[in-house]
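Report on the structure
Residue strings, one per chain:
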Amino acid sequence: MKSIHIDLGKDSYDIHIENGLLDRAGEYVRNLTKSQTLAVISDTTVDGLYGDRLEQALRKEHYNVRRIVFPAGEKYKCAETLLQLYQELSDAGITRSDYIIAFGGGVVGDLGGFAAATFLRGVPFIQIPTTIIAQVDSSVGGKVGIDLPSGKNQAGSFYQPKGVLIDPELLRTLPLRFIHDGMGEVIKYGCIHDIALFELLERLDDETIFGHWEEIIERCCSSKARLVERDVLDLGERMMLNFGHTIGHAIEGCYGYGYYTHGEGVAAGMAMLTAVTEDMGLTKAGTSDRLRSVLKKYSLPVDVAASADDLFPYISNDKKMRGNNMTLIILKELGQGRLLPLKAEDLPKYIRKRGSK
Ligand SMILES: NC(=O)c1ccc[n+]([C@@H]2O[C@H](COP(=O)([O-])OP(=O)(O)OC[C@H]3O[C@@H](n4cnc5c(N)ncnc54)[C@H](O)[C@@H]3O)[C@@H](O)[C@H]2O)c1
Ligand SMILES: [Zn+2]
């Protein structure tokens, strides 16, 4: 079992990572709360696969368990679902002395967490993430929210969980597309913060990685934890986590959301940018080749057909832009990211190598 303490003063909490943890979830939850009733928010897929097992584990500790389930998929991370959740939480008689558990991928964590943050002005909650994205990224850091018709994640807040319980074995049922999607973020952590993780990923592949998820998740969560602790409100160092995301978001937007997954966009964004910064002498020679071969190994794209001109309009709205100034995250070398402030008009030259496309 591995544990990581997130030190945020009164909002501090622990992340526990352990194969098979799901069946012992009751004990972990009991250490956090004496409350009687737990509302478990989940989506149809995760509830169908693991809902009974989690309920049994919680009942062993004599909890009264209320399961609240909504349809799986990003399109349900919306205001309508949120209103339904409020209604069901109310029908279940949940009070501020009870606990909410968000049990699922990033959609459940963001939506369930936002419901917890706002129902009765805040009910304590626990994350039990079940996808790679959720286990290495969205369950840590306290960002919760929903999509609006005008844009993704446009309504939300910062609301820290009381604990995060991670069972890497749950990833065994995750469809391959979501595995690769998550790998984009995992490789990102290796790039910006953790050369040992990057080298481990170079040695492993799609098959052998399953024996190493405990270690990989711990390494990713530790990186995120250290960055979040230093910058809770995402105004400085935490921006490092955006490596590959400026171009990645543009790729997602340019092709219409859903053509490239988020992880695929980030992967191509990291590879394209690093080719440029290496060419400029800002990144150590050889970095780009190693990055590209790891990305390819996990079936991730290292480039897209769109030109810099095609992509640029999708960057202008990016939240990392402040007035005419923005910050790009680049690699000094593998395992070491850095912030590069620049003028917005200089951005196009970082999208692609001079002379290409
Ligand atoms: N809050 C943050 O800091 C943060 C960070 C990154 C991403 N996000 C958000 O996370 C969301 C994406 O998360 P996601 O990729 O986990 O999506 P998701 O929650 O939609 O899960 C992907 C799919 O996998 C299914 N699934 C989940 N766990 C499974 C399992 N163990 N076995 C089989 N199927 C399983 C789900 O039902 C869903 O169909 C986006 O909405 C994104 O905005 C938030
Ligand atoms: Zn991301």
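The structure displayed is predicted, hence computed values, not measured ones. (Residues numbered from 1 in each chain as written. Chains lettered and ligands numbered in written order. Predicted model: local features only at pLDDT ≥ 70, side-chain atom pairs only at ≥ 80, totals over all residues. Heavy atoms only, no water.)

**Things to note about the overall build of the protein**
- Looking only at helices and strands, the protein has 13 helices and twelve strands in total.
- Taken over the C-alpha trace, the protein has a radius of gyration of 20 Å; the compact-globule value for 357 residues is 21 Å, and the two agree within 12%.
- Principal-axis analysis of the C-alpha atoms gives the protein an extent of 65 × 40 × 35 Å.
- Within the protein, contacts between residues separated by at least 24 positions form 74% of all contacts whose residues are at least 6 apart in sequence.
- Looking at the protein as shown, the accessible area adds up to about 15,000 Å², and 49% of this sits on carbon and sulfur atoms.
- Here the protein holds 42 positive side-chain charges and 48 negative ones, and the gap between their average locations is 3 Å. (Helix = DSSP H or I, 4+ residues; strand = E, 2+ residues; numbered from the N terminus. Rg over C-alpha atoms; globule rule 2.2 N^0.38 Å. Contact = heavy atoms within 4.5 Å. Areas by Shrake-Rupley, 256 points an atom, 1.4 Å probe, with all protein chains shown as cover. Lys, Arg positive; Asp, Glu negative; His and termini not counted. Charge placed at Lys NZ, Arg CZ, Asp CG, Glu CD.)

**Re the site of ligand 1**
- Looking at ligand 1, there are 26 residues lining it, with Asp 43, Glu 74, Thr 130, Thr 131 and Thr 173 nearest.
- Val 107 is positioned with one of its backbone polar atoms (N or O) 3.0 Å from an oxygen atom of ligand 1.
- Asn 153 is positioned with one of its side-chain polar atoms (N or O) 3.4 Å from an oxygen atom of ligand 1.
- Taken by itself ligand 1 offers 860 Å² of open surface, and the protein chains cover 87% of this.
- When contributions to the shell around ligand 1 are tallied by element, the ones reaching two or more residues are α2 (44-59), α4 (106-118), α5 (132-138) and β8 (151-158).
- Tallying contributions element by element places α2 first for the shell around ligand 1, with four residues.
- Of the residues belonging to the shell around ligand 1, the class tally is ten nonpolar, eight polar and eight charged. (Near = heavy atom within 4 Å. Polar contact = N/O pair within 3.5 Å; in protein donor to acceptor, adjacent residues only side chain to side chain. Nonpolar A, V, L, I, M, F, W, Y, C, P; charged D, E, K, R; others polar.)

**Remarks on the coordination of the zinc ion (ligand 2)**
- Within the first shell, the zinc ion (ligand 2) binds the protein through Glu 185 (OE), His 245 (NE2) and His 262 (NE2), at distances of 2.0 to 2.1 Å.
- Counting gaps between the donor residues of the zinc ion (ligand 2) yields the pattern E-x59-H-x16-H. In this pair, Glu 185 is assigned in helix α6 (residues 176-193) and His 245 in helix α9 (residues 245-254), connecting sequence segments 60 residues apart. (Donors = N, O, S within 2.8 Å, 3.2 Å for Na, K, Ca; no water.)

**Structural notes on the nonpolar core**
- Counting 70 residues, the largest nonpolar core has Ile 15, Met 183, Ile 187 and Ile 216 as the members making the most contacts within it.
- Both domains that furnish three or more residues to this core are identified here as domain 1 (2-173) and domain 2 (176-351).
- If sequence neighbours within four positions are ignored, Ile 216 has contacts with Val 186, Leu 197, Leu 200, Leu 201, Leu 204 and Ile 209.
- Within the second largest apolar cluster, 23 residues are counted, among which are Leu 85, Ile 94, Ala 102 and Val 107. (Core = buried A, V, L, I, M, F, W, Y, C linked by side-chain atoms within 4.5 Å. Buried < 20%, exposed > 50% of the residue type's maximum accessible area, 1.4 Å probe, protein only. Domains from an automatic or database assignment.)

**What about the domain arrangement of the protein?**
- Per the domain assignment, the segments of the protein are domain 1 (2-173) and domain 2 (176-351).
- A C-alpha centroid distance of 27 Å is found between domain 1 and domain 2.
- Tallying the contact residues gives 25 residues for domain 1 and 26 residues for domain 2.
- Taken together, the two surfaces of domain 1 and domain 2 that pack against each other cover about 2,300 Å², and 69% of this comes from carbon and sulfur.
- Contact with domain 2 buries surface across domain 1, with Lys 2, Ile 132 and Val 136 losing the most and accounting together for 25% of the total.
- For the pair domain 1 and domain 2, the number of links is one salt bridge.
- Linking Lys 224 and Asp 137 is a salt bridge whose minimum nitrogen-to-oxygen distance equals 2.7 Å.
- In this assembly, domain 1 and domain 2 are joined by seven residue pairs in polar contact (both at pLDDT 80 or more). (Buried area = accessible area lost by both parts, 1.4 Å probe. Salt bridge = Lys/Arg side-chain N within 4 Å of Asp/Glu carboxyl O.)

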